[in-house]
Amino acid sequence: MSPIPFFDLTRQYGQVGEQVKSAVLSVLSTQQFILGETVSRFEKKIADFLGTAHAAGVASGTDALILLLKAAGLEPGEAVLVPSFTFYASASSVCLAGGRPVWTEVDENRYVVSPETLENALLTQCVQGPDQIYRSRQGNHPVRGIVVVHLYGQMADMEKISAWAGSRGLWVVEDACQSIGARLHGKSAGILSKGAAYSFFPTKNLGGGGDGGLVTTEDAQLAERIRSLRVHGSRQRYIHEELGYNSRLDALQAAILEAKLEFLPGWNARRQTLAKRYTESFSGQDVFRAPDWNDSGDSVYHQYTIEFRRPEDRDRVRKKMAEAGVGTEIYYPVPQHRQRAFQPYFQGDMGITDRLSSSVLSLPIFPELTDGEQDTIIRVLLDASRQGGVS
Ligand SMILES: *Cc1c(COP(=O)(O)O)cnc(C)c1O
């Protein structure tokens, strides 16, 4: 049996190569590399695709989060609720924008935050002062906002979360780096909050030929602020109103992304088909839990992640699958509250997050995976789960 990779971008290039090459060549012929027509055209197209009023290209998903947090009003020394079960940049962006993370658990069935997990973080990690403002137990930082992460491509319930946040006087920003194209009740990320941050890291559902990112928002003023922050805090050449960054989406990246955008709906649909096939094949076993298709049908399945009932099964099965030539990954093996970089913000154990980190496993789900390959993955996984599994 030939090995089945966890992910393989060369297959995608086989499909989009010609379009991508001609897009790159057309930018080269204009020699306009920074912002300009190509970037604005892509911003317009992606805003239409996402059904959002404004989109501003930036240099990475991490920068999108940093600029968005600043534009949302985060001031140095203020605290932000952020899940620990996520990629590092969901939380590092808070610190890099001057804020302090207050860790929140995720819903153990959906891997994303909910009003319940957020409320619990507020009540256990913070104290309400006479001025009604919640302050972090650690450091006494006033809590002002929330970073909601739509992990693995699945949207958190933004209607409920924004209602809850409103009742607590908190703003919300969304880390949609893994969820481009996902909608909940017809709405993309960024519509029910201050805005959303997207990443075009090559392995994301829409990936460039390098780093890139995007902020989307319904708020024209916020969009303007992002457009200023990404060019040295300047709206007018050589006039700097505030300290900004150098964080633009390259025209070359915009051109590649524009060429690939046409394919994204098909790719996301293929991911959903693969997810459905996985979930249907996994009923009737109890070694691991599969994502509930009905509950996550809107997901764009950046990852298809199962959770083993016993961590030792996860590690044993992963090893067996590797021996059979099937690639898998663990997102994420070290939760953020345990990272050395975030040590000043350690608040103690987080039961759900710690358990998920030791028991989740992501299976191959890239659009070019064939049905035959998927059948092999399913067979190898189920075989390995049965052997020496739960008795
Ligand atoms: C990829 C990712 C980021 C960071 O995006 P970059 O473009 O790599 O900076 C942030 N958050 C999440 C959840 C991500 O998956």
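Residues numbered from 1 in each chain as written. Predicted model: local features only at pLDDT ≥ 70, side-chain atom pairs only at ≥ 80, totals over all residues. Heavy atoms only, no water.

**Some details on the domain arrangement of the chain**
For the chain, the domain assignment lists domain 1 (9-261) and domain 2 (264-387). Inter-centroid distance (C-alpha atoms) of domain 1 to domain 2 is 24 Å. The largest share of the area that domain 1 buries against domain 2 comes from Trp103, Tyr152 and Asn205, three residues that together contribute 20% of it. Run the count over domain 1 and domain 2 and you get two salt bridges. (Domains from an automatic or database assignment. Buried area = accessible area lost by both parts, 1.4 Å probe. Salt bridge = Lys/Arg side-chain N within 4 Å of Asp/Glu carboxyl O.)

**Details of the sheet that holds strand β6 (residues 143-149)**
Read across the open sheet, the seven strands follow the order β1-β9-β8-β7-β6-β2-β3; overall the sheet is mixed. Two strands close off the open sheet at either side, each with one partner strand: β1 (54-58) and β3 (100-104). Across the sheet, the mean angle separating the axes of adjacent strands is 25° when strand polarity is ignored. Bridging between strand β2 (residues 79-83) and β3 involves five bridges; their strand directions are parallel. When the bridges of β3 are listed, Ala79 appears paired with Arg100. Against the sheet, helix α3 (residues 61-72) engages β1, β6, β7 (171-175), β8 (195-199) and β9 (213-217), with an angle of about 165° to β8. (Pairing = 2+ DSSP bridges. Helix = DSSP H or I, 4+ residues; strand = E, 2+ residues; numbered from the N terminus. Axes fitted to C-alpha atoms, helices over the stretch in contact; angles between N-to-C directions. Contact = heavy atoms within 4.5 Å.)

**A short note on the UniProt feature "modified residue: N6-(pyridoxal phosphate)lysine" (unreviewed entry) in the chain**
Residues annotated in UniProt with the feature "modified residue: N6-(pyridoxal phosphate)lysine" (unreviewed entry) correspond here to Lys204. Inspection of the secondary structure puts Lys204 in the loop between β8 and β9. Not counting chain neighbours up to four residues away, the residues in contact with Lys204 comprise Cys177, Ser199 and His302. (UniProt positions renumbered as here; feature names shortened; annotations may be inferred.)

**What about the nonpolar core?**
Generally speaking, soluble globular proteins have nonpolar side chains that are buried together. Ranked by size, the top nonpolar core spans 57 residues in total, and within it Leu81 and Ile146 carry the most contacts. When residues no more than four places from it in sequence are discounted, the contact partners of Leu81 are Val102, Thr104, Leu118, Ala121, Leu122, Val143, Gly145, Ile146, Val147, Trp164 and Leu170. Ranked by size, the runner-up nonpolar core spans 34 residues in total, among them Ile46, Met155, Ala196 and Ala259. (Core = buried A, V, L, I, M, F, W, Y, C linked by side-chain atoms within 4.5 Å. Buried < 20%, exposed > 50% of the residue type's maximum accessible area, 1.4 Å probe, protein only.)

**What to know about the sheet that holds strand β13 (residues 304-308)**
Within a beta sheet, neighbouring strands are joined by backbone hydrogen bonds and run either parallel or antiparallel to one another. Reading across from one edge, β12-β13-β14 is the order of the three strands in this open sheet, with antiparallel pairing throughout. Among the strands making up the open sheet, the edge pair consists of β12 (288-289) and β14 (360-363). Of the pairings in the sheet, the one linking β12 to β13 comprises two bridges and is antiparallel in character. Bridging across to β13, Arg289 finds its partner in Glu307. Contacts between helix α11 (residues 351-359) and the sheet are confined to β13 and β14, with β13 contributing the most and set at about 105° to the helix.

**Quick word on the UniProt feature "active site" (unreviewed entry) in the chain**
The positions UniProt marks with the feature "active site" (unreviewed entry) are Lys204. Under the relative-accessibility criterion, Lys204 is labelled buried at 16%.

**A short note on the site of the ligand**
If you check the shell around the ligand, you find 14 residues, and the closest are Gly61, Thr62, Asp175, Ser199 and Lys204. A distance of 2.5 Å separates an oxygen atom of the ligand from a polar atom in the side chain of Thr62. Within the contact set of the ligand, an oxygen atom lies 3.0 Å away from a side-chain nitrogen or oxygen of Lys204. Alone, the ligand offers 380 Å² of accessible surface; in the complex the protein occludes 93% of this. Broken down by secondary-structure element, the contributors of at least two residues to the shell around the ligand are α3 and α4 (89-96). Residues of the shell around the ligand, tallied by class, amount to five nonpolar, seven polar and two charged. (Near = heavy atom within 4 Å. Polar contact = N/O pair within 3.5 Å; in protein donor to acceptor, adjacent residues only side chain to side chain. Areas by Shrake-Rupley, 256 points an atom, 1.4 Å probe, with all protein chains shown as cover. Nonpolar A, V, L, I, M, F, W, Y, C, P; charged D, E, K, R; others polar.)

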